[in-house]
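Examining the three-dimensional arrangement
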Amino acid sequence: MEANDKTVLICRGTGCESAKSPAIQTELMSGLQGSDVEVKFTGCHGMCQQGPIVIVEPQGTFYANVKLKDVEPIVGSLKNGGGPVEKLFYKDPATKEGLSTYHDIPFYSRQKRLVLQNCGRIDPEDIDDYLAEGGYEGLKKAIFDMTPDAVVQAVLDSGLRGRGGGGFPTGRKWKFTQDAPSDTKYVLCNADEGDPGAFMDRSVLEGDPHAVLEGMAIAGFAIGAQKGYIYCRAEYPLAIKRLQIAIEQARERGYLGKGIMDGDFDFDIDIFHGAGAFVCGEETALITSIEGNRGMPRSRPPYPAVKGLYDKPTLLNNVKTYANVRLIINNGADWFASIGTEKSKGTAVFALTGKIANSGLVEVPMGITLREIIFDIGGGMLDPNKNFKAVQTGGPSGGCLPESFLDTPVDYDSLIEAGSMMGSGGMVVMDEDTCMVDVARYFLDFTEKESCGKCVPCRLGTKQMLDILEDIVEGRGKPGDIELLEDLAVGIKAGSLCGLGQTAPNPVLTTLRYFRDEYEAHINHHACPAKQCKELITYHILDTCVGCGLCRRNCSTNAIIGEQKELHYIDQSLCHKCGVCFEVCPPKVFSVEIRTGEVKLVES
Amino acid sequence: MTNSIKEIDGAKTIFVIGANTTNAHPVIGQRMRRAAQNGAILLVANPKEIDLVRVAHTFIQPKPGSDTALLMGMCRYILDKDLQDQAFIDEHCENFDEFKASLDAFTPEFVEEITGVPWEQVAKVAHTYATNKPAALFYAMGITQHSHGTDNVMAVANLALLTGNIGKESTGVNPLRGQNNVQGACDMGGLPNVYPGYQNVTIPENKAKFEKAWGKLMSDKVGLTHTEIFDAIYEGKVTALYMVGENPLLTEANAKHVREALENPDLFFVAQDIFLSETAQLADVVLPAASFAEKDGAITNTERRVQRIRKAIPPRGDSKPDWWITSQIAQKMGEHGFDFSAPSEIMDEIASVTPIYGGISHERIEEVGLQWPCRDENDPGTQYLHKGKFARPNGKGQFVPLEYKQSAEIVDAEYPLILTTDRSLYHYHSATMTRRVAGLEELDSNEWLKLSPADADQFGIEDGEWVEVYSRRGKVKVRAQVTDVCPTGVCSMTFHFHESPTNEITNPALDPVAKIPETKVTAVRVEKVS
Amino acid sequence: MTNQINFTIDGQEIVAQEGQNILDAALANDIYIPHLCHHPDLKPVGACRLCGVEIDGGHMTMSCLEPVREGIDVRTDSPVIYQARKIAIELLIADHHMDCLACAAAHDCDLLTVSAYMGVQPERLERLRKTERDLPIDTSNPFFQFDPNKCVICGICVRTCDEIVGLGALGFIDRGVSTVVGTFGNKPFVESVCESCGECVVRCPVGALAPKKPEFAAREVQTTCVYCGVGCGIYLGISGDEVVSVRADRERPTNEGSLCVKGRYGFNFINHPDRLTKPLIKKNGEFEEAEWDEALELIASKFAESKGEKFAALASAKCTLEENYLIQKFTRAVMGTNSVDHCARL
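Residues numbered from 1 in each chain as written. Chains lettered and ligands numbered in written order. Predicted model: local features only at pLDDT ≥ 70, side-chain atom pairs only at ≥ 80, totals over all residues. Heavy atoms only, no water.

**Side note on the overall build of chain A**
- The number of helices and strands found in chain A is 23 helices and 19 strands.
- The C-alpha radius of gyration computed for chain A amounts to 27 Å, which stays within 12% of the reference 25 Å derived for 604 residues, consistent with globular compactness.
- In terms of its C-alpha atoms, chain A occupies a principal-axis envelope of roughly 85 × 65 × 40 Å.
- With 604 residues in all, chain A has 60% of them scored as buried.
- A fraction of 69% describes how many contacts in chain A between residues 6 or more apart in sequence connect residues 24 or more apart.
- Roughly 23400 Å² of accessible area belongs to chain A as shown, and the carbon and sulfur atoms make up 49% of that amount.
- Taking the average location of the 62 positive side-chain charges in chain A and that of its 82 negative ones, the two points are 2 Å from each other. (Helix = DSSP H or I, 4+ residues; strand = E, 2+ residues; numbered from the N terminus. Rg over C-alpha atoms; globule rule 2.2 N^0.38 Å. Buried < 20%, exposed > 50% of the residue type's maximum accessible area, 1.4 Å probe, protein only. Contact = heavy atoms within 4.5 Å. Areas by Shrake-Rupley, 256 points an atom, 1.4 Å probe, with all protein chains shown as cover. Lys, Arg positive; Asp, Glu negative; His and termini not counted. Charge placed at Lys NZ, Arg CZ, Asp CG, Glu CD.)

Right, here's the structure in full:
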């Protein structure tokens, strides 16, 4: 592409598509018809709350929140050669300054995008775009210039660890599977991303599907497999569609199928649609599911590397793990090992969410601190007036870390030491208005519902813990419940069959470890310090009330009584604690107060 | 069975033809399903889509009565593709060339036309049976109850010989026997042509041997078969009948004829049973027998295993064990040789005159039984037959050239459907026992005519409706069940229910050798009960 | 020929067969390790998480899944094992309908065995939230019933129907704490492909799948099933002068412990009031009860008139070898004809 050729890139990840980016693309194309400006679409940029995102190359002009009505000025600026449309620039949440390119935006400037390098840059439905970025060079190098042993050794030397959450050294897994004797072996890709709020894998699949295919094919060459399956949840229709297109294009061009690149290596990939059970992200349940059975985990050993799909040696890695492979082959193990910490190499991708200014996907080198991610990249608290309280990593299997851990380096081992885990990459930021007992209850509610029901500790234990947590947040907690939760947690962790149950108590254990006083307040004083647990709070109108009637008119249960211009009060027996009075009371009056710990509870 | 039940576990191919194993032999059916799960290839050939089809790898649906064509077609395919076990044939078999010549008639086109099974499917089944060894073949009444049932059995044997699937573990020609001691009743000479141990009555040495053993002069003339007995009664040639534990009014083909025979006033008819069966009601004297739980003895199962039954409770009322009753009748007639005090003494006499039971005694079969041939007290019994050489005088397995024979009755405009008989999992034979078990009766309480949706449409019959089924011999009233289990043109009924006596309309045409009636192929029409 | 493996469990020397799992080896040596989901006929799954052991001081592992290995030192208890087991059994009891006195499995309940072994304390149980559940009992099958409220989701019934019966009539429905065992579409048993063989009922470790009328046999008699030609080995359970139950003979090669619905449940005809208890002689078209002597005399005299070709006998595939032998001997030697046959062809 010549320097003065302009290209407009419109994001068509799931988030931007739902914000009408396909229509914007159509408008852009018709507006720019006849001009020398090319319009292309790309995968996700990660900053979905700013979508739809439009980028104009070669300048890299970054337009956020583009609406249909914004197409006209963009087209105008492109056609007339005028300056960029400044009102569409991204606004820094702190300075309110408009930033015109990726490099200017702190959200991006502090990241290190390896796995996500093509996301938002190439057309995921066009293999030529991928090839132009060096696509399938890794595969070519592996099968023509390297032996399977050398490939496995490179992955070993790179220090790459499983990106699905467990962090098992990828090279060792490859070695085990390579060493398992069998004519038939399988390469599986775990794309059953199920953690609440996590969408790293989806973004990779939607934005750079060939990188995953290439990684799997390299793995197939290394371990001696001819067949691969991508287990992708059916809730990701766009990812499945793009994968399907990518597989077909790769087959057409000879990067998949018989005799890859005219060599003698055969490898093909099919997609298996998961039906949405969280536990199918567990490797043995995933395998059982592909075999056509109810997706329930099996006890290990034997590990899939020895006896996996259809009892054959099977290599199973996460989407992002495979996406890293070509980079290692292309750039060498040493290059990869130079990124990150001593034991955690490369980058980590997080879905940053919660009470944070910039939510979205971020890719950072291992070893960066939580503080850097949350405050530098994430831009700090969503409401700058609120204090940071905790950050939850690792999804339902992870834990909540308090402010004192903000300088913890983000790597597999440090997070585990702190009581949490890397997980597949969810990162939820919480502010002072978050009740930590309720957070624990939320995650237990998730694991309890997603437990497959096979083993006793998980099936009954998660339900028991959830019942107790519900009792606590609803004011029915009993002395001894904290000890009971701890007792159960130890038994469930030790006894459960698979990772789901073994880690299910983690949100409870970390909140008990760092926020035990909140539990005690709930149980002993019927108080929710964050004033979030409905059953433990009451709303009151202070005598500063000016009698404007705003709260009274908004109250859906007519619980607020008072004449205009006179002091109002709340009939507690009618109050549903929806909080609307608190919200509508004008800030300068600020006469509604939430109290906790004073509630008289009905004896149950 | 040439081989043993347990050997199913080791078979790589299991070919089930003309048998509804999960209904009629459920525990063997379980074992077959289990084997299929553990990697054996299960092939099923049946006119109906029986339950076993759910786990079968290949299912073919030949028309009723076409088995010889199917099996000979398989043989032809195997020879055409050179898949036969030529070394086995050369060493152990005879008459191969004559047999081979008879295959000329069974062209793919001919086999397809007769069986209605596409040739590729015939080929697939044959290929698997011939190459995925050891292959065990199982059949039941679907092969035998035909006017050419003997041919069918010979065709089965030809197939096993051709592929060397006999005389080895987990192979064999394995007929599944219906009743708990039907094998034993045959072994004991409960047949008109043989003494115990299949010693032919027409061979003088045999006659002499038994005359000596029993101290009486005997006939060297083959007696009447089951069906012939009723003809002879009808014609007044037989005037006394001693019937033990049978109910031919429900089980015999053309049962109407049986009723007419038994109503002959000149007949003296003694029935001996545990219940007053439909047939026993026509008797002059009925003798109350003890049930299996009330007596001692031994029975022989389908794999030739002689096993004990034991007295667990006293006989009900004045009922007596059958052995005691027969002995008493003989003694009342002044005969000797019937003064036994216990079944074990009878077994010792059996062993003394029956070479294949020569080593059997109650003492030796206490725990798990013994499989005959068991010739002396040191013989551990025989797990499978024809090991090393065939149990024929020259030690050779004999190929039999065959030609296709039509069933005795074929469909026409008046009787356009083929009725075939079947069994229910919940009932046993004429159901005198099972219908007296409340739970079994609850699970299956009446006869159903099963017919295909297309035929139901054709005859204007709704599921659950009462219909009458007409054959050239009469009609039965029954409720219709419209089901995909039956292909178009084929319907089926069991024969467990006296309210709908199926065998009053089935065809008594006999196989010329085995004298078995053709209950598997009856031409019928179905009419709505108006 | 399998090799012998020597190792120790809690210091006791054990000799086991290669391929055996530690749990089976322990049980064979009278060392009890708590378990609910294990059955020697079935492939182990490690679902109940009660049978944990530590091998050579390593992490807890399920003894049902762990093959015996030469020289290993197996410990059946440790603080971690105790904690995991204790929690598991307490959770099971808090989830269970404990109407033990009215339960069919009262005398043979693995849940009670485990809780007795663990010494479950009432005050610990009181801390737990009880599962509120009152699912309908499936009584559709005439011989057995299924009470999901007593089910411990061990999956033995599901695996039995799959691995032993080869049918797969049962599966798990729903998930997590709502998991229940059921037929396809959670229909009543009789509306499913279930063949009522009762193999699952026999193996249920608790009272979830139980005979409708549990009977206790005072003694058992080994015999052979009366029905089809398979000839399954059975034990008749006797109480007084009545057959009250049937149990499969695991040693008999014909069935190796399996039975079908007729064999297991079809014995009540023995006690049926329709049983003939007296000889009957037809007089003027009506049957009249007679004594044996009268009936036998009549038969002897009538048969004597029809010797030779005028006589025929039908032997029986339901009678014993000895009886069939006598019938044909009678026909041939006494009556002088070979016209004896039976229904082998039907």
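**Some points on the overall build of chain B**
- For chain B, the helix and strand inventory stands at 18 helices and 23 strands.
- Its C-alpha atoms give chain B a radius of gyration of 23 Å, near enough to 24 Å, the size a compact globule of 530 residues would have.
- Principal axes of the C-alpha set define a box for chain B whose edges measure 65 × 65 × 40 Å.
- Across the 530 residues of chain B, 65% fall into the buried class.
- About 18500 Å² of surface is accessible on chain B, with carbon and sulfur atoms providing 49% of the total.
- One finds the centroid of the 52 positive side-chain charges in chain B at a distance of 3 Å from the centroid of its 72 negative side-chain charges.

**Focus: the interface of chain B and chain C**
- Between chain B and chain C, the residue contacts involve 155 residues of the former and 115 residues of the latter.
- At the boundary of chain B with chain C, the tally comes to 13 salt bridges.
- Two residues, Arg275(C) and Glu294(B), come together in a salt bridge whose shortest N-O distance is 2.7 Å.
- Inspection of the chain B/chain C interface yields 69 residue pairs in polar contact (both at pLDDT 80 or more).
- With 10 residues, the top contributor of residues to the side of chain B that touches chain C is helix 15 (residues 322–332) of chain B. (Salt bridge = Lys/Arg side-chain N within 4 Å of Asp/Glu carboxyl O. Polar contact = N/O pair within 3.5 Å; in protein donor to acceptor, adjacent residues only side chain to side chain.)

**Observations concerning the pattern of salt bridges**
Residues and elements named next belong to chain A.
- Taken as a whole, this structure holds 93 salt bridges over all chains when the rule is applied.
- For Arg 595, the salt bridge identified is with Glu 593, shortest N-O distance 2.7 Å.
- Overall, the relative accessible area of 26% leaves Arg 595 in the partly exposed class.
- Relative accessible area serves as the criterion here: at 30%, Glu 593 is assigned to the partly exposed category.
- What you see here is one network of salt bridges that share partners, running through Arg 12, Glu 17, Glu 125, Lys 241 and Arg 242.

**Brief notes about the nonpolar core**
- Ranked by size, the top nonpolar core spans 134 residues in total, and within it Tyr519(A), Ile14(B) and Phe269(C) carry the most contacts.
- Per-element tally for this core: the top contributor is helix 18 (residues 456–473) of chain A, with 8 residues.
- In this structure, Phe269(C) is in contact with Ile274(B), Phe275(B), Phe292(B), Met433(B), Arg436(B), Val437(B), Val226(C), Tyr227(C) and Arg275(C), ignoring residues within four places of it in sequence.
- Counting 61 residues, the second-largest nonpolar core is a separate cluster that includes Leu139(A), Val151(A), Ala225(A) and Ile240(A). (Core = buried A, V, L, I, M, F, W, Y, C linked by side-chain atoms within 4.5 Å.)

**Considering unusual backbone geometry**
- Along the chain, Pro301(A) connects to Pro302(A) via a cis peptide bond; the corresponding omega equals 5°.
- Structurally, the position occupied by Pro302(A) is in the loop between helix 12 (283–290) and strand 10 (314–318).
- Geometrically, the link from Lys133(B) to Pro134(B) is a cis peptide bond, its omega value of 0° lying close to zero.
- Summarising the element assignment, Pro134(B) is placed in the loop between helix 7 (119–131) and strand 5 (135–139).
- Not every positive phi belongs to a glycine, and Phe590(A) is a case in point at roughly 50°.
- Residue placement: Phe590(A) occurs in the loop between helix 23 (580–584) and strand 19 (592–596).

**Some details on the domain arrangement of chain A**
- You can read the domains of chain A as domain 1 (7–106), domain 2 (127–337), domain 3 (347–431), domain 4 (436–525) and domain 5 (534–596).
- The straight-line distance from the C-alpha centre of domain 1 of chain A to that of domain 4 of chain A is 46 Å. (Domains from an automatic or database assignment.)

**Topic: the interface of chain C and chain A**
- Counting residues at the interface gives 30 residues for chain C, matched by 34 residues for chain A.
- The junction of chain C with chain A conceals about 2700 Å² of combined surface from both sides, 57% of it contributed by carbon and sulfur atoms.
- It is Arg49(C), Arg129(C) and Arg175(C) that lose the most area in chain C upon contact with chain A, and together they represent 28% of the buried surface on that side.
- Summed over the shared surface of chain C and chain A, the number is 5 salt bridges.
- In this structure, the salt-bridge partner of Asp471(A) is Arg129(C), at a minimum N-O distance of 2.7 Å.
- Residue assignment for the side of chain C that touches chain A shows that the elements contributing at least two residues are helix 2 (79–94), helix 4 (122–127) and strand 7 (170–173) of chain C.
- When residues of the side of chain C that touches chain A are assigned to their parent elements, the largest contribution, 8 residues, is made by helix 2 of chain C.
- Its residues assigned to classes, the side of chain C that touches chain A shows 18 nonpolar, 4 polar and 8 charged. (Buried area = accessible area lost by both parts, 1.4 Å probe. Nonpolar A, V, L, I, M, F, W, Y, C, P; charged D, E, K, R; others polar.)

**Looking at the packing of helix 3 (residues 67–80) of chain B against helix 6 (residues 108–115) of chain B**
Residue and element names in this part refer to chain B.
- Relative to each other, helix 3 and helix 6 sit at 155°, their axes nearing to 9 Å. Taken as axis vectors, helix 3 and helix 6 run roughly antiparallel relative to one another. Regarding helix 3 and helix 6, the two cross each other, and that crossing is left-handed. Of the residues in helix 6, those touching helix 3 at Ala 69, Leu 70, Gly 73 and Arg 76 are Pro 108, Val 111, Ile 114 and Thr 115. (Axes fitted to C-alpha atoms, helices over the stretch in contact; angles between N-to-C directions. Parallel < 35°, antiparallel > 145°, perpendicular 65-115°, else oblique. Left-handed = near helix turned anticlockwise from the far one by under 90°.)

**Examining helix 9 (residues 321–334) of chain C**
All names here are of chain C.
- Given a rise of 1.5 Å per residue, 14 residues ought to cover 20 Å, and the 19 Å separating the end C-alpha atoms of helix 9 matches this to within 8%.
- Most of helix 9 is tucked away, with 14 of its 14 residues classed as buried.
- Following helix 9 by one or two positions, Gly 336 adopts a phi angle in the positive range, close to 70°. (Expected span 1.5 Å × (residues − 1).)

**Overview of the sheet that holds strand 14 (residues 370–371) of chain B**
- Reading across from one edge, 12-13-14 (chain B) is the order of the 3 strands in this open sheet, with antiparallel pairing throughout. Edge strands, defined here as strands with exactly one partner in the open sheet, are strand 12 (297–300) and strand 14 of chain B.
- Taken together, the 2 bridges between strand 13 (residues 305–309) of chain B and strand 14 of chain B define a ladder with antiparallel strand orientation. When the sheet's bridge partners are listed, Val306(B) is paired in strand 14 of chain B with Leu370(B).
- Packed onto the sheet, helix 9 of chain C meets strand 12 and strand 13 of chain B and runs at close to 90° relative to strand 12 of chain B. (Pairing = 2+ DSSP bridges.)

**What about the state of the cysteines?**
- In total, this model carries 0 disulfides over all chains according to the counting rule given.
- In this structure Cys533(A) is not part of a disulfide, and its nearest cysteine sulfur, from Cys435(A), lies 3.6 Å away.
- Cys533(A) sits in the buried class, given a relative accessible area of 4%.
- Not engaged in a disulfide, the cysteine Cys37(C) finds its nearest cysteine sulfur in Cys48(C); these two sulfurs lie 3.8 Å apart.
- With relative accessibility at 2%, the residue Cys37(C) sits in the buried group. (Disulfide = S-S within 2.5 Å.)

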